[in-house]
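Inside the fold
Now for the letters of each chain:
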Amino acid sequence: MSDHPSLKNSVSLLNGFGKHRAELLNKEFGIESLYDLLFHFPIRYVDKSRFYSISEIRSDQTFVLVKGVLFDLRTVGEGRTKRLVGELKDATGSLDLVWFKPPQFLLKTLKNGQVYQVFGKASRFGDRYSIAHPEISKLSNPSEVKGLGIEPIYSSTEKLQKAGLSQRIIKEGLRKMVTAVDFGLAENLPQTLIKKLQLPQKTEAIRTVHFPQNLNQVDLALNRFKFEELFFLQLRLLYKKLIGQKKIKGRRFEHVGDLFLTFYKHHLPFELTNAQKRVIKEIRNDLGSGVQMNRLLQGDVGSGKTMVALLSGLIAIGNNSQAAIIAPTEILAQQHYNDLVSLLSSLPVNVALLTGSTSKKDRKVIFEDLLSGELHLIIGTHALIEDNVSFKDLGVAIIDEQHRFGVAQRSKLWKKAKVPPHILVMTATPIPRTLAMSHYGDLDVSLIDELPPGRKPILTQHRTDSARLKVFQFMKSEIAKGRQIYIVYPLIQESETLDYKDLMDGYESIQREFPLPQYQISIVHGGMNSDAKAFEMRRFEKGETQIMVATTVIEVGVNVPNASVMVIESAERFGLSQLHQLRGRVGRGAEKSYCILMSGSKISEDARTRLEAMVSTQNGFELSEIDLQLRGPGDLMGTQQSGTLQLKVSDIVKDSEILYRAREAAEWILARDPELTLAEHQGIRTTLNRLLKGNLLWSYIS
Ligand code: ADP
Ligand code: MG
């Protein structure tokens, strides 16, 4: 059932590879064993499957294989412009051949009147085709053919070429291996699945990838490997989830508890949306099930995830357990703390805030109270997961804005209790379906697909600098109506000083345009200390200032319902989800709101796509899909997590259809055989074990 052990042998066993070349191959491409070489797939294919007659060549810039007699061969030009030219003639016509700086051996061996096979890219000049630097080989008679077929091209490096490890040697090595009837590669997909999905067998697919008959076949073979890769990704995630559900006990909160009920009946500041109610029910079921919850909560900006977090926490606290909410930034943690303290003011819940700037003295008290159980709800930043933080009984951990939080960090949290805490992960903005499936495929997913009532759509417009005066006019008319305005400047680490200058220049021009005493302006940026920041924010929140000039520190955590205009400066420099987050700061009150994206007139194609997307939709799910197309999955998830998706042949964006099929297949297999004990599933089991590297505990952690 497993691959033949000989596949583990070094490639140096193959003819032409030798020790030095083998070492180089390992250095350059990580290819050590014969097995590795089998999976060194061509980067592209050259189609030499048929001869063209010269009159058949139609389109410019296509690769063609032709055969004919060489004539009129001559060198023209001198020195650096010296080139070798000639013509190739067949029964239907002729074309030009040209070599710039022709190599000696060509000058010596090419002869007029000889029959040659020629391959290259045909370009049209006037009414004639010409091939520059063609591959050319002499034929001993007109009916001979050489190397007809699809030619794989393998990636190589300068070092490999210098060491003489040519395409030819690689191909020969592979040919030796794969022409054997059985070269020992085990099929690791069950035959039932292969039949059901009409996939090629693994051995056959490897043969096709390296020595295809035609290009369609290549696609089928590559798709099989893409499927296989995505199938095992999904299987691993689903298997993990299944094991988690079976083996990992979670504390059972049998009743929601009086605390939850009291809050729900008497202290809810608003009626929950149906989506919020549904999600809370899902969470409530998890918490009562006796199995550890691992749930991802997705919802757009402003969909009301915080209330869901609080209610989940209250269930734990009402059951004499504790709850923690972890936020990615100090500002957001502070904001959550303020909100929750006021919501809980008349209830017997002890709440504390722990961040990097909590004083040593306060810290000590917090640590003690967490350990004694005196403290029920702790809100904080990463400081919360540090080793010195211990709980009496942590029942629920809620991680807000998950994308900034790594798997390893989640696992630390996990170890903070004897029975692992229930975990609720909340995203800042929606994640595209394919990404959610591949990054969080082991989590259950809850969706808030509805915004609280009364939200008015935000009118979004893109304006260039030339429209600035009009924008100022508009801002004045909004302020005259009693509204407030944000103006946001980018702050990107690499050019912090430059950004700071932009911000200050902008601030000055705003001050000139909106003079005292008629207008009051707040300013907040990363260089200020937290007291000064808090002071300025409070002035804006209280309505003492009409304009808030800020860098992205306000991205999360500011809630001023009276603010109706969001002006984003140099909007082309912001990412899509950041723009969406920023826009979410307005449209929270009863007034019609506006988002104005300012940019120069010359912006990149990608930036234009982003701004157009912002103008055309307010749906975070749609925007996240566009973002994924633009940036690719690694970038979208942040460097911390991109390592979790080390896909070699597949791409979850381009191969999303295959991903969905792989997910379905993995579900289908596990539904029939959750322990993977059936004989036909031993291939899967072996591969899965290898992927989990025997480290089952790590795989439990989510
Ligand atoms: P997010 O999902 O972005 O974290 P928040 O939880 O911050 O959203 O909620 C955004 C705003 O909407 C807050 O001011 C919150 O009080 C309010 N809100 C949440 N749920 C409701 C609701 N059901 N009805 C009215 N307002 C709500
Ligand atoms: Mg939030």
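Each value, and the rule that gives it
- Residues numbered from 1 in each chain as written.
- Chains lettered and ligands numbered in written order.
- Predicted model: local features only at pLDDT ≥ 70, side-chain atom pairs only at ≥ 80, totals over all residues.
- Heavy atoms only, no water.
- pLDDT = per-residue confidence, 0-100.
- Contact = heavy atoms within 4.5 Å.
- Helix = DSSP H or I, 4+ residues; strand = E, 2+ residues; numbered from the N terminus.
- Expected span 1.5 Å × (residues − 1).
- Polar contact = N/O pair within 3.5 Å; in protein donor to acceptor, adjacent residues only side chain to side chain.
- Core = buried A, V, L, I, M, F, W, Y, C linked by side-chain atoms within 4.5 Å.
- Buried < 20%, exposed > 50% of the residue type's maximum accessible area, 1.4 Å probe, protein only.
- Pairing = 2+ DSSP bridges.
- Axes fitted to C-alpha atoms, helices over the stretch in contact; angles between N-to-C directions.
- Phe/Tyr/Trp six-rings, centres within 6.5 Å; stacked < 30°, edge-to-face > 60°.
- Lys NZ or Arg CZ within 6 Å of the ring centre and 35° of its normal.
- Salt bridge = Lys/Arg side-chain N within 4 Å of Asp/Glu carboxyl O.
- Near = heavy atom within 4 Å.
- Areas by Shrake-Rupley, 256 points an atom, 1.4 Å probe, with all protein chains shown as cover.
- Nonpolar A, V, L, I, M, F, W, Y, C, P; charged D, E, K, R; others polar.
- Parallel < 35°, antiparallel > 145°, perpendicular 65-115°, else oblique.
- Left-handed = near helix turned anticlockwise from the far one by under 90°.
- 1 Å grid on protein atoms, 1.4 Å probe; cavity = no way out; pocket = protein on both sides within 12 Å on 5 of 7 lines; lining within 4 Å.
- Points joined across faces, edges and corners; volume = space filled by probe spheres on them.

1. With respect to the confidence of the model for the protein
When pLDDT drops low, the exact placement of atoms in the prediction is not to be read closely. For the protein, per-residue confidence averages 88 on the pLDDT scale, and 93% of positions sit at 70 or higher. Segment residues 639–644 is flagged for pLDDT under 50; beyond a separation of four residues in sequence, or across chains, it makes 14 contacts in the model. Segment residues 694–702 is flagged for pLDDT under 50; beyond a separation of four residues in sequence, or across chains, it makes 21 contacts in the model.

2. Details of helix α8 (residues 215–247)
When the terminal C-alpha atoms of α8 are compared, their 47 Å separation across 33 residues agrees well with the 48 Å that a helix rising 1.5 Å per residue should span. Its side-chain oxygen 3.2 Å from the backbone nitrogen of N216, N214 forms the N-cap of α8.

3. Focus: the nonpolar core
Residues F263, L311, L314, L344, V349, L377 and I379 are the most contacted members of the largest nonpolar core, which totals 40 residues. The leading source of residues in this core is helix α11 (residues 305–318), at nine residues. Listed in part, the 38 residues of the second largest apolar core include F232, I423, L435 and L659.

4. Quick word on the sheet that holds strand β13 (residues 394–400)
Spatially, the seven strands line up as an open sheet ordered β11-β12-β10-β13-β14-β9-β15, and their pairing is parallel. On the outer flanks of this sheet lie β11 (351–354) and β15 (444–448), each paired with one strand and no other. Shown here is a sheet whose adjacent strand axes are inclined to one another by a mean of 20°, direction ignored. Pairing geometry for strand β9 (residues 294–299) and strand β14 (residues 422–426), over four bridges, is parallel. Across the sheet, N294 pairs through a bridge with I423, a residue of β14. Most of the contacts of α11 go to β13, to which it runs at about 170°, and overall it touches β9, β10 (322–326), β12 (377–380), β13, β14 and β15. Contacts between helix α13 (residues 360–372) and the sheet are confined to β10, β11 and β12, with β11 contributing the most and set at about 130° to the helix.

5. A closer look at the side chain of T358
Take T358: it is sitting in the loop between β11 and α13. The buried category is assigned to T358, whose relative accessible area is 14%. There is a polar contact of 2.8 Å between the side chain of T358 and the backbone nitrogen of T355. With near-sequence residues (within four places) excluded, T358 lies in contact with L353, R363 and I366.

6. Things to note about the packing of aromatic side chains
Two numbers describe a pair of aromatic rings. These are the distance of the centres and the angle of the planes. Overall, the coordinates contain twelve aromatic pairs when judged by the stated rule. Ring geometry for F514 versus Y519: centroids 5.1 Å apart, planes at 85°, classification edge-to-face. We classify Y519 as buried; its relative accessible area is 8%. Members of the aromatic cluster, each reached through a chain of ring pairs, are Y35, F39, F41 and F225. One cation-aromatic arrangement involves K476 over F514; the distance from NZ or CZ to the ring centre is 5.3 Å. One Lys or Arg, R672, reaches over the ring of W668 and ends 4.6 Å from the middle of that ring.

7. So, the sheet that holds strand β18 (residues 521–524)
Pairing is parallel in the open sheet, where six strands are placed in the order β16-β21-β20-β17-β19-β18. In the strand order of this sheet, the two ends are held by β16 (458–464) and β18, each with one partner. Mean inter-strand twist for the sheet, computed between neighbouring axes without regard to direction, equals 15°. In this structure, β16 lies alongside strand β21 (residues 593–599), joined through seven bridges in parallel fashion.

8. Concerning the pattern of salt bridges
Two side chains bearing opposite charge may form a pair once their charged atoms approach each other closely. For the coordinates displayed, the defined rule picks out 36 salt bridges. Measuring nitrogen to oxygen at the nearest pair gives 3.9 Å for the salt bridge that ties E544 to K542. Residue class for E544 comes out partly exposed when judged on its relative accessible area of 40%. A single network of salt bridges, built from pairs that share partners, joins R278, E282, D286, R295 and D449.

9. Concerning the site of ligand 1
Within the structure, ligand 1 sits among 16 residues, and E271, Q276, G302, T306 and R455 are positioned closest to it. Within the contact set of ligand 1, a nitrogen atom lies 2.9 Å away from a backbone nitrogen or oxygen of E271. Contact between ligand 1 and K305: an oxygen atom at 2.9 Å from a side-chain N or O atom of the residue. In the complex, the protein chains occlude 77% of the 560 Å² of accessible area that ligand 1 would expose alone. Considering only residue class, the shell around ligand 1 consists of four nonpolar, seven polar and five charged.

10. Examining the packing of helix α7 (residues 202–210) against α8
Between α7 and α8, whose axes approach to 9 Å, the crossing angle comes to 130°. Our classification of the angle between α7 and α8 gives oblique. For the pair α7 and α8, the sense of crossing is left-handed. Contact with α7, carried on its side by K202, A205, I206, T208 and V209, involves Q217, V218, A221, L222, R224, F225 and E228 of α8 and no other residues of that element. Grouping the constituent residues of the contact of α7 with α8 by class yields seven nonpolar, two polar and three charged.

11. Overview of empty space enclosed by the protein
Scanning the entire structure with this criterion turns up one cavity of 30 Å³ or more. Empty space within the largest cavity amounts to approximately 30 Å³. Lining of the largest cavity is provided by R468, V471, F472, M475, I487, I510, V567 and E569. For the lining of the largest cavity, the element with the highest residue contribution is helix α16 (residues 468–480), accounting for four residues. Classifying every residue of the lining of the largest cavity by side-chain character gives six nonpolar, no polar and two charged.

12. A short note on unusual backbone geometry
With omega at -5°, the peptide bond leading from L516 into P517 counts as cis. Tracing the chain through its elements places P517 in the loop between α17 (496–513) and β18. A positive phi is found at N320, a non-glycine position, where the angle reads about 60°. Structurally, N320 can be placed in the loop between α11 and β10. Since its relative accessible area comes to 70%, N320 is described here as exposed.

13. A word on the environment of S599
Residue position: S599 is located in strand β21. C-alpha separation for the pair S599 and R463, spaced 136 residues apart in sequence, amounts to 6.5 Å. Excluding residues within four positions of it along the chain, S599 makes contact with H462, R463, T464, D465, E572 and L611. A polar side-chain atom of S599 sits 2.8 Å from a polar atom in the side chain of H462.

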